Amino acid sequence: MTTEAMAPPSTKSQVLRSFDVTDFPAVNGLEEEWRFTPIKRLGELITATALTGAAPGFAPGDLPAGVSVTQVDAGKVEPVLTPFDRVSALAYGSAASVTLIDVAAETVAAEPVVIRVVGQGTAAAAARTYVKVGNFAKVTVVLEQVGPATLADNVEVVLGDSAQLTFVTLTEWDAEAVQAQHLKFKVGRDARVTHVQVSLGGSLLRQFASVEYAGRGGEAELYGVYFADAGQHVEHRQLVDHSVPDCRSDVGYRGALQGRSAHTVWVGDVVIRAAATGTETYEINRNLLLTDGARADSVPNLEIETGEVVSAGHASATGRFDDEQLFYLMARGIPEPEARKLVVRGFFAELINKIPVEELRERLGDAIEARLAKAGS
């Protein structure tokens with residue numbers, strides 16, 4: 001058994017962490033970290049002791065000099081993530097190999113590295129991905145997740161000193177897919193990571209992103225765009241752990257919901273430890289309810305153990321479609337369907353523009369418009 005804390009936690013930074021799935025009690029849905037999740041829909045991802053389905057395939061596009069994508073034995077990669085829930089531990093123990101995305105030190109990639117992650121079927125499976133960005137490297141990496149899947153996976157991202165990474169994860173699984181993912185960033189001294197998480201496809205998505213700082217001056221920006229249709233459950237959680245001085249974080253997630261039983265969850269936790277003087281942090285979640293019958297839960301949390309911070313704040317807002325905006329556009333001759341598209345595009349525009357890939361930005365805009373058109377048909 002490998003654990004970092006066994007006593008009942010008083011803060012988010014003290015929760016049980018273990019690689020052994022048997023260290024975690026069975027989940028009944030009453031626990032604080034699971035109370036929003038329809039756990040029966042997770043199936044074997046929450047009940048099994050091993051996952052034996054075929055792992056997704058990884059299909060990289062053209063790779064620039066200094067970037068490689070290989071499959072390696074799990075034992076050859078030092079863990080960055082220590083699981084702190086049952087699903088993550090199950091994924092870790094069940095993944096026999098690791099997809100290693102290695103960016104050599106001082107590499108400056110002019111074009112994005114695009115990797116297509118293709119689900120291999122509905123049998124419950126596990127995967128582990130490891131992204132290593134060397135000192136002073138600068139790169140954009142895009143993971144496109146598509147196809148049929150029932151998947152528990154861990155993604156570990158390590159940035160060397162002064163590295164810069166824009167990391168885009170695009171979830172476009174088939175309609176019945178289920179995924180529970182834990183994504184961990186370890187940010188080196190004066191390094192900067194920008195993560196843009198786009199969640200569109202799948203029946204149930206539960207995506208957890210956590211950040212650890214390995215040196216002063218680290219920066220993490222976590223952005224999310226999600227659109228839930230009828231019956232979809234889309235859940236995002238973050239834990240930004242400020243444990244060293246003079247680091248910064250910015251978290252901003254926006255979601256739209258339409259259709260009966262569309263459900264989204266956002267839980268943002270930021271911990272500022274006593275040693276983390278000079279911290280700057282802010283988190284915000286905004287949700288747009290397009291129809292009756294949709295539900296958005298939003299829970300921002302701050303734990304601050306020092307008074308010597310530059311700034312710390314959080315905000316959350318959930319509202320219905322603004323009829324005044326719609327009326328304003330229609331009064332100027334814009335038909336209602338086009339006016340609705342313009343309002344929703346404007347709601348998402350700030351975060352979609354964080355993606356430094358024009359083709360991908362256009363695809364997302366088209367996907368959002370297609371969903372709106374489907375609702376109006």
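Residues numbered from 1 in each chain as written. Predicted model: local features only at pLDDT ≥ 70, side-chain atom pairs only at ≥ 80, totals over all residues. Heavy atoms only, no water.

1. Describing the nonpolar core
Thinking step 1. V157, L165, F167 and F185 are the most contacted members of the largest nonpolar core, which has 53 residues in total.
Thinking step 2. It is strand β7 (residues 149–159) that provides the largest number of residues to this core, a total of five residues.
Thinking step 3. Beyond its immediate stretch of four places on either side in the chain, L165 contacts V133, V139, V141, V157, L159, R192, V193 and T194.
Thinking step 4. Counting residues in each nonpolar core, the second largest holds 28 residues, with V225, I352, I355 and I368 among its members. (Core = buried A, V, L, I, M, F, W, Y, C linked by side-chain atoms within 4.5 Å. Buried < 20%, exposed > 50% of the residue type's maximum accessible area, 1.4 Å probe, protein only. Helix = DSSP H or I, 4+ residues; strand = E, 2+ residues; numbered from the N terminus. Contact = heavy atoms within 4.5 Å.)

2. Remarks on the packing of helix α3 (residues 323–330) against helix α4 (residues 336–352)
Thinking step 1. Two elements in contact, α3 and α4, have axes whose closest approach is 9 Å; the angle formed by their N-to-C orientations is 125°. One finds that α3 runs oblique with respect to α4. Like other packed secondary-structure pairs, α3 and α4 cross with a definite hand, here right-handed. Contacts between α3 and α4 pair Q325, L326, L329 and M330 from the former with E336, A339, R340, L342 and V343 from the latter.
Thinking step 2. Residues belonging to the contact of α3 with α4 are distributed by class as follows: six nonpolar, one polar and two charged. (Axes fitted to C-alpha atoms, helices over the stretch in contact; angles between N-to-C directions. Parallel < 35°, antiparallel > 145°, perpendicular 65-115°, else oblique. Left-handed = near helix turned anticlockwise from the far one by under 90°. Nonpolar A, V, L, I, M, F, W, Y, C, P; charged D, E, K, R; others polar.)

3. Observations concerning the UniProt feature "domain: SUF system FeS cluster assembly SufBD core" (unreviewed entry) in the chain
Thinking step 1. With numbering matched to this structure, UniProt assigns "domain: SUF system FeS cluster assembly SufBD core" (unreviewed entry) to residues 122–347.
Thinking step 2. Within the segment residues 122–347, helix and strand shares are 9% and 62% respectively, and the terminal C-alpha atoms sit 34 Å apart. (UniProt positions renumbered as here; feature names shortened; annotations may be inferred.)

4. Comments concerning the environment of V187
Thinking step 1. Positionally, V187 belongs in strand β9 (residues 178–187).
Thinking step 2. On the accessibility criterion, V187 (0% relative accessible area) is buried.
Thinking step 3. Separated by 133 residues in sequence, V187 and A54 place their C-alpha atoms 31 Å apart.
Thinking step 4. In contact with V187, other than residues within four places in its own chain, are L159, V193, V211, E212, Y213, A214, G215, G218 and E219.

5. Overview of the side chain of K341
Thinking step 1. Residue position: K341 is located in helix α4.
Thinking step 2. In contact with K341, not counting residues within four places along its chain, are E369 and L372.

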